[in-house]
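Inside the fold
Below, each chain spelled out in residue letters.
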Amino acid sequence: MERDKSYPTDFREIERWVSEALYRAINGAMGSCVSFTPKRLLDYVDRSDVIPVVLTLVKHILEELHKHGLIEKDQSRSIVRYRVCRDSPLWSLAKGGQSSDNILKLLVTIVE
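Overview of the structure. Not measured: the values here are computed from a predicted model. Position numbers for residues start from 1 in each chain and track the written sequence from start to end. Only residues with pLDDT of 70 or above have their local features reported here, since the model is predicted, and side-chain atom pairs are shown and tallied only from 80 upward, although totals for entire chains, interfaces and linings are computed over all residues. Each side-chain value is derived from all of the structure's non-hydrogen atoms; neither hydrogens nor water enter the calculation.

Some words on the sheet that holds strand β2 (residues 72-74)
The following threshold applies: Strand pairing is defined by DSSP finding a minimum of two bridges between the two strands. Secondary structure follows DSSP: runs of H or I at least 4 residues long count as helices, runs of E at least 2 residues long count as strands, and numbering of each begins at the N terminus. In this analysis, axes come from line fits to C-alpha atoms, helices being fitted only over the stretch in contact, and the angle between any two N-to-C directions falls in the range 0 to 180 degrees.
The 3 strands lie next to each other as β1-β3-β2, forming an open sheet whose pairing is antiparallel. Of all the strands in the sheet, the pair left with one neighbour each is β1 (33-36) and β2. Averaged over all adjacent pairs, the angle separating strand axes in this sheet is 25 degrees, with direction ignored. Examined bridge by bridge, β1 and strand β3 (residues 81-85) share 4 bridges and lie antiparallel to one another. Looking at the pairing, V34 lines up with V84 of β3.

If you want it as structure tokens, here you go:
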């Protein structure tokens, strides 16, 4: 039996998923960088089984973060991966905070 796909109620919900996923990915990092695809990023918040348009919107958010120099983009493979390293402001927001709220505030400012 196929699982129900995750349907966000609006774009803000997708921004919340991405900010929480980034927070969890960075806090769980053992090294100085963490890399992911849009789909793998959503694994951190148990939302990887989504409709394709949601992944497109997640990619849009990640592209905006890349344009602003907050994450790196690796196009050397067949699948584009994104990377957050220790020198990114996202890293310090995640490691220094108790929740993903500060990352969400940054996302809303950048993506708007």
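Read on, since the account is not over.
Structural notes on helix α4 (residues 89-96)
Counted only if it meets this: Each residue is placed in one exposure class: buried if its accessible area under a 1.4 Å probe, protein chains only, is under 20% of its type's maximum, exposed if it is over 50%, and partly exposed if it falls in between. In this description, one arc is meant: the one made by directions from the helix axis to the C-beta atoms. Residues count as neighbours in contact if any of their non-hydrogen atoms are within 4.5 Å of one another. Under this definition, polar contacts are N or O atom pairs within 3.5 Å; protein pairs additionally need one hydrogen-donor-capable and one acceptor-capable atom, and for neighbouring residues in sequence, both atoms have to be side-chain atoms.
Buried residues of α4: L90, W91 and A94, and no others. The arc that holds the buried residues of α4, viewed along the axis, is 100 degrees, so those residues lie on one side. The secondary structure elements touched by the buried residues of α4 are α1 (11-27), β1, α3 (52-67), β3 and α5 (101-111). Between the side-chain oxygen at the start of α4 and the backbone nitrogen of L90 there is a gap of 3.1 Å, and the oxygen is on S88.

Considering the pattern of salt bridges
As a reminder of what qualifies: Each salt bridge in this description consists of a side-chain nitrogen of Lys or Arg and a carboxyl oxygen of Asp or Glu lying within 4 Å of one another.
This model, assessed by the stated rule, comprises 6 salt bridges. One salt bridge connects R12 with E15, and the closest N-O pair in it is separated by 2.7 Å. Of the two residues, R12 and E15 are both situated in helix α1; the distance of 3 residues between them amounts to about one turn of the helix. The class for R12 is partly exposed, based on a relative accessible area of 35%. A relative accessible area of 0% places E15 in the buried class.

Observations regarding the pairing of β3
Where burial is concerned, most of β3 is hidden: 4 out of the 5 residues are buried. In this sheet, β3 lies alongside β2 in antiparallel orientation, the contact comprising 3 bridges. What sits directly across from K73, in β3, is Y82.

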